[in-house]
Amino acid sequence: MNVAVIHGQNLRLLGRREPDVYGTDTLDDVNARLLELAAELGVTLETFQSNHEGEILDFVEEASHRVDGFLINPGALTHTSIGLRDALLGVERPFVEVHLSNTAGRERFRRHSYLSGVASGVVYGFGVESYLLGLRGLAARIGG
Ligand code: DQA
């Protein structure tokens, strides 16, 4: 099983970005936890971060040739990007959407996601654990 993890806008700032909302783990910490779990699950994982919508869309297309699914925290693109939704739909690979924070309990504009309706599943509100739960779900979906 091959999975690509995509971290979208501003997620490279993890650790120092609004730690009361997003916690103190850095992006490297998150990736290390994911790689550890991936090894346990027999998943080969690659990780990617970009602040640029077009680069993320290009990555989805390129990586789709070698991966069975995507785990994605799009950051703010969640709430704005029809292009990202179309890219993920277009490559016909299952994906799980994750968020560190509980987006349902924050500002109104964070309550809408362009991706949730076409995702295999969504996990939000558990900090780093959201990613780990999401990876378990995605692996089960791909493997099953
Ligand atoms: C986020 C939630 C988004 O609303 C926000 O724009 C982010 C991070 C999260 O992981 O909680 O950048 O995706």
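Our subject is the structure listed above.
Cut-offs and rules
Residues numbered from 1 in each chain as written. Predicted model: local features only at pLDDT ≥ 70, side-chain atom pairs only at ≥ 80, totals over all residues. Heavy atoms only, no water. 1 Å grid on protein atoms, 1.4 Å probe; cavity = no way out; pocket = protein on both sides within 12 Å on 5 of 7 lines; lining within 4 Å. Points joined across faces, edges and corners; volume = space filled by probe spheres on them. Nonpolar A, V, L, I, M, F, W, Y, C, P; charged D, E, K, R; others polar. Near = heavy atom within 4 Å. Polar contact = N/O pair within 3.5 Å; in protein donor to acceptor, adjacent residues only side chain to side chain. Areas by Shrake-Rupley, 256 points an atom, 1.4 Å probe, with all protein chains shown as cover. Sits in = over half its atoms within 2 Å of the grid points. Salt bridge = Lys/Arg side-chain N within 4 Å of Asp/Glu carboxyl O. Helix = DSSP H or I, 4+ residues; strand = E, 2+ residues; numbered from the N terminus. Buried < 20%, exposed > 50% of the residue type's maximum accessible area, 1.4 Å probe, protein only. Patch = residues over 30% accessible without salt bridge, like charges linked within 9 Å, V, L, I, M, F, W, Y side chains within 5 Å. Lys, Arg positive; Asp, Glu negative; His and termini not counted. Charge placed at Lys NZ, Arg CZ, Asp CG, Glu CD. Pairing = 2+ DSSP bridges. Axes fitted to C-alpha atoms, helices over the stretch in contact; angles between N-to-C directions. Core = buried A, V, L, I, M, F, W, Y, C linked by side-chain atoms within 4.5 Å. Contact = heavy atoms within 4.5 Å.

J.: I'd love a proper account of the layout of surface pockets, names of residues and values included.
T.: Roughly 150 Å³ of internal volume is contained in the largest pocket. What lines the largest pocket is a set of 15 residues, among which Arg17, Tyr22, Gly75, Ala76 and Arg110 lie closest to the centre. Considering only residue class, the lining of the largest pocket consists of four nonpolar, eight polar and three charged.

J.: Residue-level account of the site of the ligand, with values.
T.: If you check the shell around the ligand, you find Gln9, Arg17, Tyr22, Asn73, Gly75, Ala76, His79, His99, Leu100, Ser101, Thr103 and Arg110 and nothing else. Taking Leu100, its main chain carries an N or O atom lying 2.8 Å from an oxygen atom of the ligand. Contacts to the ligand include Ser101, whose side-chain N or O atom sits 2.6 Å from an oxygen atom. Here the ligand has 320 Å² of accessible area as a free molecule, and 99% of this is covered by the chains. Here the ligand is seated within the largest pocket. A class-by-class count of the residues in the shell around the ligand yields three nonpolar, seven polar and two charged.

J.: Quick one: what's the story with the pattern of salt bridges, residue by residue and with numbers?
T.: Overall, the coordinates contain five salt bridges when judged by the stated rule. The partner of Arg136 in a salt bridge is Glu40, with the nearest N and O atoms 3.9 Å apart. On the criterion of sequence distance, the pair formed by Arg136 in helix H5 (residues 128-143) and Glu40 in helix H2 (residues 27-41) is long-range, its members being 96 residues apart. Salt-bridge contacts for Arg66 lead to Glu46; the nearest nitrogen and oxygen are separated by 2.9 Å. Here Arg66, found in the loop between helix H3 (53-63) and strand E3 (69-73), pairs with Glu46, found in strand E2 (residues 44-49); they are 20 residues apart in sequence, far enough to count as distant. When its relative accessible area of 42% is taken as the criterion, Arg66 is described as partly exposed.

J.: Let's hear about a negative patch on the surface: which residues, and what values?
T.: Together, Glu55, Asp58, Glu61 and Glu62 line one region of the surface with negative charge. Tracing the backbone through its elements, the reader meets Asp58 in helix H3.

J.: Talk me through the sheet that holds E3; I want residue IDs and the actual numbers.
T.: In any sheet, the strands associate via hydrogen bonds between backbone groups, in a parallel or an antiparallel arrangement. As summarised here, the arrangement of the five strands in space is E2-E1-E3-E4-E5, forming an open sheet in which the pairing is parallel. With one partner strand each, in any of the chains shown, E2 and strand E5 (121-124) form the two edges of the open sheet. Along the sheet, successive strands turn relative to each other by an average axial angle of 20 degrees, direction set aside. As paired elements, E3 and strand E4 (residues 95-99) share three bridges and run parallel to each other. Paired with Phe70 across the strands is Phe95, a residue of E4.

J.: Let's hear about the nonpolar core: which residues, and what values?
T.: Of all hydrophobic cores here, the largest spans 23 residues; its most connected members are Val3, Leu14, Leu34, Leu45, Leu71, Tyr131 and Leu135. Listed by contribution, the elements that provide at least two residues to this core are strand E1 (2-7), H2, E4 and H5. Among the elements that make up this core, the one with the highest residue count is H5 (six residues). Dropping the residues within four chain positions of it, Leu34 is found in contact with Val5, Leu45, Leu71, Tyr131, Leu132 and Leu135. One finds Ile56, Val60, Val67 and Leu115 within the second-largest nonpolar core, a separate group that totals 18 residues.

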